[in-house]
Amino acid sequence: MTETGLQPEALPETVAPAPTARDLFAKFDPLIAERDKLMSSGVRDPFGIVMEEVRSPTTAVIRGQETILLGTYNYMGMTFDPDVIAAGKRALEQFGSGTNGSRMLNGTFRDHVDAEDALREFYGAAHAMVFSTGYQANLGVISTIAGRGEYVILDADSHASIYDGCKMGDAEIVRFRHNSVEDLDKRLGRLPKEPGKLVVLEGVYSMLGDIAPLREMVAVARKHGCMVLVDEAHSMGFFGEHGRGVYEELGLALGDDVDFVIGTFSKSVGTVGGFCISNHPKFEALRLSCRPYIFTASLPPSVVATAATSVRKLMHAHEKRARLWDNARRLHGGLKALGFRLGTDAPDSAIVAVILEDQEQAVAMWQGLLEAGLYVNVARPPATPTGTFLLRCSICAEHSAEQIDRVVAMFAAAGQQVGAIAAT
Ligand SMILES: Cc1ncc(COP(=O)(O)O)c(C=O)c1O
């Protein structure tokens, strides 16, 4: 007798082999091969470099070496602001390290309400809603606002969070050619008149650092009866008189021209979190319907306290804004003079993207810069348009002119070494 009580002779003669699990990771083989290729070409950290020590908004220790940071989105250098740090410490001590719950349940603390007040002040807006990240803000707002039978119309070069927000919702998705007002007009003209439509734009597109022709885009969107959402992730703090973004810079108004502004705390604000602001009278209904707002824990009070302090300081950061633009012009001019092809002709963005021929050249130059003590971002498809390989620099108001000059010299040496520019 066996343990189960079956006689051995009662077992079927052949036992079908237990099915083995189909390996769901097989589809990742090409990615793994690419990672191995990168590593064999000398890239030590294909999953991102490690910041061993960060000493200021513009310097860190990477691979044991003091390195200039030119590839973070710390545009306004708020991460080491003493008032911001003090606010975080106060909230940490007062409320503990986390909220343990959703904003809808136990996760709204006084500092969350205060961060939303700070955003309303900053934008002069009626409503503000804080999310755990900017990614979730796009995911939640786009997927909730544009529903079944309606349309969401987006720029082909939109950020992944915008694409994912569209995919998560039930609306029909229509893409138009990057920054093309004519194409937007043409595509909107083909859609039925009745259904609700949401046009989603970005103030600054983060790969090439180019600015959207928002005035013309909004005029076209309104002509076709569309609502407009603008993601100002890469412009908040330094575009427009109050630092509200490209829409403010171009003289557009919240409400009349733009219905929703999406932003993030992870760039100029210098912490983490996302938000949406609006003057729409029914905006607060999103708190009851937006899944990425409801079904996740709220940000720790220390994080939203740093955000609120930073946002209020950014309202008056006129000197910092001026320094950031000086730095942007200095870097743009320096790299252009060396003969690099840049993402935009005009120095009107805090992102300066150097366009390279291929992945090998981009990776080799990125490595050369890192070894010389400079960190920039390397970007390639699918994050960039097909066939575009970039070394992306993002400027900080706290970079000194001397640091920018050193950066230009490092680009000259590394660019000559890989043949991206002619040797002098
Ligand atoms: C245009 C844009 N929107 C949204 C986000 C997401 O922001 P967060 O880092 O807060 O998730 C990013 C981040 O890179 C972005 O570039």
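The name that an unreviewed UniProt entry assigns to the protein is Aminotransferase class I/II-fold pyridoxal phosphate-dependent enzyme, with the source organism given as Sphingomonas citri. Quoted verbatim from the Sequence similarities (unreviewed entry) field of the UniProt record, the comment on the protein reads "Belongs to the class-II pyridoxal-phosphate-dependent aminotransferase family." What UniProt records for the protein under Cofactor (unreviewed entry) is the sentence "pyridoxal 5'-phosphate".

Trainee: Explanation requested: empty space enclosed by the protein in the structure shown.
Mentor: The gaps of empty space that remain are located by a probe, the size of a water molecule, rolled over the atoms. All chains considered together, the criterion is met by 1 cavity of 30 Å³ or more. In this model, the largest cavity occupies a volume close to 60 Å³. Taken together, R103, H112, V130, F131, S132, P292, Y293, T296, A297, S298 and L299 form the lining of the largest cavity. Put simply, the parts of the chain that give the lining of the largest cavity at least two residues each are strand 4 (127-131) and helix 10 (291-294). Of the residues that constitute the lining of the largest cavity, the class distribution is 6 nonpolar, 4 polar and 1 charged.

Trainee: Please clarify how the sheet that holds strand 16 (residues 377-379) should be interpreted in this entry.
Mentor: What holds strands together in a sheet is hydrogen bonding between their backbones, with the strands either parallel or antiparallel. Spatial strand order, 13-14-17-16: 4 strands in an open sheet with antiparallel pairing. In this open sheet, the two strands that pair with only one neighbour each are strand 13 (341-342) and strand 16. Pairing of strand 13 with strand 14 (residues 351-356), which is carried by 2 bridges, proceeds in the antiparallel orientation. Bridging across to strand 14, L342 finds its partner in V354. Sheet strands in contact with helix 12 (residues 318-338) are strand 13, strand 14 and strand 17 (389-394), and its direction is about 15° off that of strand 14.

Trainee: So what exactly am I meant to see when it comes to the packing of aromatic side chains here?
Mentor: Under the counting rule described, the total for this entry stands at 14 aromatic pairs. Aromatic pair Y75 and F238: ring centres 5.0 Å apart, planes at 55°, arrangement tilted. A residue pair is termed long-range when its members are at least 10 positions apart, and Y75 in the loop between strand 3 (65-69) and helix 2 (82-95) and F238 in the loop between strand 10 (227-231) and helix 8 (246-249) qualify at 163 residues. The class of F238 is buried, set by a relative accessible area of 2%. Aromatic pair F239 and W325: ring centres 5.0 Å apart, planes at 85°, arrangement edge-to-face. Residue F239 is located in the loop between strand 10 and helix 8, and its partner W325 is located in helix 12; the two are separated by 86 residues in the primary sequence. Taking relative accessible area as the criterion, W325 reaches 16% and is therefore assigned buried. Directly above the aromatic system of F28 lies the positively charged group of K27, at a separation of 5.2 Å from the ring centroid.

Trainee: Would you mind showing me how to read the nonpolar core here?
Mentor: In this structure, Y123, L331 and F411 are the most contacted members of the largest nonpolar core, which totals 93 residues. Two domains each provide a minimum of three residues to this core, namely domain 1 (42-76 + 318-418) and domain 2 (81-314). Grouped together as the second largest cluster of nonpolar side chains are 23 residues, A137, I142, A146 and F283 included.

Quick notes on the rules
Residues numbered from 1 in each chain as written. Predicted model: local features only at pLDDT ≥ 70, side-chain atom pairs only at ≥ 80, totals over all residues. Heavy atoms only, no water. UniProt positions renumbered as here; feature names shortened; annotations may be inferred. 1 Å grid on protein atoms, 1.4 Å probe; cavity = no way out; pocket = protein on both sides within 12 Å on 5 of 7 lines; lining within 4 Å. Points joined across faces, edges and corners; volume = space filled by probe spheres on them. Helix = DSSP H or I, 4+ residues; strand = E, 2+ residues; numbered from the N terminus. Nonpolar A, V, L, I, M, F, W, Y, C, P; charged D, E, K, R; others polar. Pairing = 2+ DSSP bridges. Contact = heavy atoms within 4.5 Å. Axes fitted to C-alpha atoms, helices over the stretch in contact; angles between N-to-C directions. Phe/Tyr/Trp six-rings, centres within 6.5 Å; stacked < 30°, edge-to-face > 60°. Buried < 20%, exposed > 50% of the residue type's maximum accessible area, 1.4 Å probe, protein only. Lys NZ or Arg CZ within 6 Å of the ring centre and 35° of its normal. Core = buried A, V, L, I, M, F, W, Y, C linked by side-chain atoms within 4.5 Å. Domains from an automatic or database assignment.

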